[in-house]
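Residues per chain, in single letters:
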Amino acid sequence: RVRDGAASADAQRLMDALPPLARVARYGDVRGTEAARVLPVVDALFERALVALPGACVSLDDEAAREMAGSIGGVEECVNLLNRPDMAGRWRAALHPLAENEGVHALVRGWCCRLLLEARVLDEDGLQRIAGLSLSPAVPAPEAAAWVEGVLRGSGLILLHQTGLWRALDGWLTGLDPETFTAMLPLVRRAFSGFQPPERRAMGEK
């Protein structure tokens, strides 16, 4: 896969501008900027990001997908900082179709699932259904591993309670032939590398 450079870069610039502006709106800055002056700019950028996001997430290569996941995480930070229900609802509504769009890179799809799970928009049954599709035998193993890396981003505590996800992961790993299993180990190890040792032990027991 290759990235559509212009669409992806434009969308990422919009999204990457949002977290620092949200922090100014929430906490102020050394110049004493008022939130009332910043919020209209945030709203305008947010609207443009929502429009650009679907097209910017299609046909990404692995590097571009990681960059896009970081930008999506930045908008999530903005939404959480400002704590405005309408903004949050519209953001999660934009993420939901991305989580199930096969044209979106698997890492981004997995990350969108994770954010929807943390926002309690996606429940365990919904996650298990998407995981079953994303980790089915028909999905190429590297694509499935990228989805795993996406859904495992962030804190491990929430994931430990997602029994449906662990069942899907277990079914995927045990269904790999020995050669593919060995080839996938570095990718799976990378997906778990960001967790603290106690979290990794608990996940291993799971």
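As the structure is a computational prediction, the values presented were derived from the model and not from experiment.

Cut-offs and rules
- Residues numbered from 1 in each chain as written.
- Predicted model: local features only at pLDDT ≥ 70, side-chain atom pairs only at ≥ 80, totals over all residues.
- Heavy atoms only, no water.
- Core = buried A, V, L, I, M, F, W, Y, C linked by side-chain atoms within 4.5 Å.
- Buried < 20%, exposed > 50% of the residue type's maximum accessible area, 1.4 Å probe, protein only.
- Helix = DSSP H or I, 4+ residues; strand = E, 2+ residues; numbered from the N terminus.
- Contact = heavy atoms within 4.5 Å.
- Axes fitted to C-alpha atoms, helices over the stretch in contact; angles between N-to-C directions.
- Left-handed = near helix turned anticlockwise from the far one by under 90°.
- Nonpolar A, V, L, I, M, F, W, Y, C, P; charged D, E, K, R; others polar.
- Polar contact = N/O pair within 3.5 Å; in protein donor to acceptor, adjacent residues only side chain to side chain.

Asks: Where do I start with the nonpolar core in this structure?
Replies: As a rule of thumb, soluble globular proteins bury nonpolar side chains together. The biggest cluster of nonpolar side chains holds 72 residues, and the ones touching the most others in it are Met68, Ile72, Trp91, Val108, Trp147 and Trp172. Here this core takes 10 residues from helix α3 (residues 62–82), the largest share from any one element. Setting aside its immediate chain neighbours within four residues, methionine 68 contacts Ser8, Gln12, Met15, Leu53, Ala56, Cys57, Leu60 and Val108.

Asks: So what exactly am I meant to see when it comes to the packing of helix α2 (residues 35–56) against α3 here?
Replies: Between two packed helices, both the angle of their axes relative to each other and the distance between the axes serve to describe the pair. Their axes nearest at 12 Å, the elements α2 and α3 cross at an angle of 145 degrees. For the crossing formed where α2 meets α3, the hand is left-handed. Residues Leu39, Val42, Phe46, Leu53 and Ala56 of α2 pack against Met68, Ile72, Val75, Cys78, Val79 and Leu82 of α3. Per-class residue counts for the contact of α2 with α3 are 11 nonpolar, no polar and no charged.

Asks: Hey, could you run me through the environment of alanine 119 in this one?
Replies: Along the chain, alanine 119 turns up in the loop between α5 (106–118) and α6 (124–134). Taking C-alpha positions, alanine 119 is 9.8 Å from asparagine 80, a pair spaced 39 residues apart along the chain.

Asks: Could you clarify how one ought to interpret the side chain of glutamate 149 in this entry?
Replies: By the secondary structure assignment, glutamate 149 is in helix α7 (residues 141–151). At 3.2 Å, the side chain of glutamate 149 forms a polar contact with the side chain of arginine 66. Apart from residues no more than four positions distant in its own chain, glutamate 149 is found in contact with Arg66, Leu107, Arg190 and Ala191.

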